[in-house]
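Inside the fold
Read off the chains here:
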Amino acid sequence: MDNKGITIIELILILGIMGIIFLIVTPKFDFSDSEMKRFGRELVMDLNYIKTKSKTSEYNFDNKIHIITSAGKKDSYYVSLKGEPNKKVYLNEKFTIATNLVDKKIYFTKTGVPSPRAGTIRIINNTNSNYIEITITPATGRIHMYEEVKKGYQKNL
């Protein structure tokens with residue numbers, strides 16, 4: 001009698017070999033840039049929140065965002081409402097923050113103008129030197145994050 005089928009053992013063996021080949025051939029995906037953009041979007045939302053709070057509150061100079069950059073530790077920022085820390089956000093160890101803001105903090109006046117001055121905040125991916133930029137316009141207080149991930153960060157802030 002001549003059987004023309006395959007056994008279950010042969011099928012498992014072939015699927016195992018194909019699985020190993022697939023794992024070797026499949027490229028490794030790096031999702032750190034999308035995580036960096038998520039941090040940037042959260043920072044933009046917090047900046048807009050502080051700006052709105054400053055327009056509607058009598059304590060506009062006590063509503064601030066403080067950026068903390070520390071060598072060897074996780075960079076972070078915290079939101080201060082009425083002089084009290086309200087929210088603290090730690091970045092992943094793969095990311096650092098660079099800024100040219102005065103004293104690494106920003107608050108807004110009643111008209112929405114940034115004070116003491118506007119500036120740029122960059123979130124840098126340390127694994128591949130990619131970065132994103134968040135700019136705060138001086139006269140209008142417009143907060144804008146560029147969706148394009150830029151390559152080759154150089155310390156020029």
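**A closer look at the pairing of strand β3 (residues 84–90)**
- With 6 bridges connecting them, strand β2 (residues 76–81) and β3 associate as antiparallel partners. Paired with S76 across the two strands is Y90, which belongs to β3.
- Where β2 folds back onto β3 in an antiparallel hairpin, the turn is made up of 2 residues, including K82, whose phi is positive at roughly 50°.

**Looking at the environment of G5**
- Here G5 is to be found in the segment before α1 (8–25).
- Classification of G5 by relative accessible area gives exposed; the value is 63%.
- Along the primary structure G5 and F95 are separated by 90 residues, whereas in three dimensions their C-alpha atoms are 55 Å apart.

**Focus on unusual backbone geometry**
- One non-glycine residue, D103, adopts positive backbone phi at about 55°.
- When you line up the elements, D103 lands in the loop between β4 (95–99) and β5 (105–108).
- Relative accessible area serves as the criterion here: at 62%, D103 is assigned to the exposed category.
- Its identity as a non-glycine residue notwithstanding, S129 has a phi of 60°, on the positive side.
- Among the structural elements, S129 can be located in the loop between β7 (119–125) and β8 (131–136).
- Residue S129 is classed as partly exposed on the basis of its relative accessible area, which comes to 34%.

**Overview of the packing of aromatic side chains**
- A full pass over the atoms with the stated rule returns 1 aromatic pair.
- With 5.6 Å between their ring centres and 70° between their planes, F39 and F95 make a pair best called edge-to-face. With F39 in helix α2 (residues 32–56) and F95 in strand β4, this residue pair connects regions lying 56 residues apart in the sequence. Like F39, the residue F95 is buried in the burial classification.
- Taking the ring centre of F39 as reference, the NZ or CZ of R38 above it sits at 4.7 Å.

**Re the side chain of T135**
- Looking at where T135 falls in the secondary structure, it is placed in strand β8.
- Overall, T135 belongs to the buried group, its relative accessible area being 17%.
- Setting aside residues no more than four positions away along its own chain, T135 makes contact with G119, T120, R142, I143, H144 and Y146.

**Some thoughts on the sheet that holds β8**
- Read across the sheet, 4 strands follow the order β4-β7-β8-β9 without closing on themselves; strand pairing throughout is antiparallel. Sheet topology places β4 and β9 (143–145) at the edges, where each strand pairs with a single neighbour. Direction aside, the axes of adjacent strands within the sheet are offset by 15° on average.
- Strand direction decides the pairing type here: β8 and β9, joined by 3 bridges, are antiparallel. Bridge pairing in β9 places I136 opposite I143.

**Concerning a nonpolar patch on the surface**
- A surface patch of nonpolar side chains, about 840 Å² in accessible area, is lined by I6, I8, I9, L11, I12, I14, L15 and M18.
- Note on placement: L11 falls in helix α1.
- The class for L11 is partly exposed, based on a relative accessible area of 36%.

Reading the values: rules and limits
Residues numbered from 1 in each chain as written. Predicted model: local features only at pLDDT ≥ 70, side-chain atom pairs only at ≥ 80, totals over all residues. Heavy atoms only, no water. Pairing = 2+ DSSP bridges. Helix = DSSP H or I, 4+ residues; strand = E, 2+ residues; numbered from the N terminus. Buried < 20%, exposed > 50% of the residue type's maximum accessible area, 1.4 Å probe, protein only. Phe/Tyr/Trp six-rings, centres within 6.5 Å; stacked < 30°, edge-to-face > 60°. Lys NZ or Arg CZ within 6 Å of the ring centre and 35° of its normal. Contact = heavy atoms within 4.5 Å. Axes fitted to C-alpha atoms, helices over the stretch in contact; angles between N-to-C directions. Patch = residues over 30% accessible without salt bridge, like charges linked within 9 Å, V, L, I, M, F, W, Y side chains within 5 Å. Areas by Shrake-Rupley, 256 points an atom, 1.4 Å probe, with all protein chains shown as cover. Salt bridge = Lys/Arg side-chain N within 4 Å of Asp/Glu carboxyl O.

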